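Observations on the model geometry
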Amino acid sequence: MAQSDVSVSRGRPDEAATLAKLHVDVWRATYSAYAPQKALKLLDEEKRLPYWSAVLASNERGRGAWVARDADTIVGVVSIGSSDNPVFEGRAELKHLYVAKDAQSSGLGKRLLLTAINECKGAGSNGMALAVVRQNERARKFYRNMGGVEGARFVDPGPLWQSENVLVVWDFP
């Protein structure tokens, strides 16, 4: 897949089911070595569909999803919004960044992350942060290479499993 063939634009409400499937597929592949089997079984498209439907219905600045398309195929997504977790210290939250297996290591993750950063800056956020599972070294390395600074460590209470997380932060001037 050539980067020049991929477009990135705000997601549309009619793409919610496709994003729910991408979310579940990538999440299961990524976390199969870390998450309990029960969590892997509980996360399904039906459980993720309400989230993606709500995010895609929003036109609010600083909240939403941006979708990467290769022709008519969705190959990646990034979503952002506000966080009610005090560990984020008022920063915008990068909620999800998923790239389809066939599009990984193509630069698409970088492009989606930069889209999220630019959207958060444009919305007036003082920074952006995300929680990454501590054991996910591949993602942690990617975020560090993209200028993210690791900070607080905390346990995410669920709802699927209590994972150990590292906060990765980009503060904006």
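Described in the following lines is the structure provided in the data block.

1. Focus on the pattern of salt bridges
For the coordinates displayed, the defined rule picks out 12 salt bridges. One salt bridge connects R69 with E15, and the closest N-O pair in it is separated by 2.8 Å. Residue R69 is found in strand 2 (residues 64-70), and its partner E15 is found in the loop between strand 1 (6-10) and helix 1 (16-31); the two are separated by 54 residues along the sequence. Residue class for E15 comes out buried when judged on its relative accessible area of 5%. Across the salt bridge formed by E93 and K95, the nearest N and O atoms sit 3.1 Å from each other. For E93, a relative accessible area of 15% gives the class buried. It is possible to trace a salt-bridge network through shared partners that takes in R12, D14, E15 and R69.

2. Concerning the nonpolar core
By size, the foremost hydrophobic cluster in this structure holds 27 residues, and its most contacted members are L94, L108, L113, M128, Y143 and W170. Elements with a contribution of two residues or more to this core: strand 2, strand 3 (73-81), strand 4 (92-99), helix 4 (108-122), strand 5 (127-133), helix 5 (137-145) and strand 7 (163-171). Of the residues forming this core, the biggest block, six residues, is contributed by helix 4. Counting 25 residues, the second largest nonpolar core, distinct from the first, contains L43, A65, I74 and V133.

Quick notes on the rules
- For every chain, the first residue of the written sequence is number 1, and numbering continues from 1 along that sequence.
- The predicted nature of this model means local features are confined to residues of pLDDT at least 70 and side-chain atom pairs, given and counted, to a pLDDT of 80 or more, with totals for whole chains, interfaces and linings taken over all residues.
- To obtain the side-chain values, all non-hydrogen atoms of the structure were used and water was disregarded.
- The term salt bridge refers to a side-chain nitrogen of Lys or Arg lying within 4 Å of a carboxyl oxygen of Asp or Glu.
- A run of H or I in DSSP becomes a helix once it reaches four residues, and a run of E becomes a strand once it reaches two; helices and strands are each numbered from the N terminus.
- Exposed residues in this analysis have more than 50% of their type's maximum accessible area, buried residues have under 20%, and partly exposed residues fall in between, with area computed by a 1.4 Å probe over protein chains only.
- Throughout, nonpolar core names a set of buried Ala, Val, Leu, Ile, Met, Phe, Trp, Tyr and Cys residues whose side chains join them through atoms within 4.5 Å.

Function cannot be inferred from these measures alone, as they are strictly geometric.
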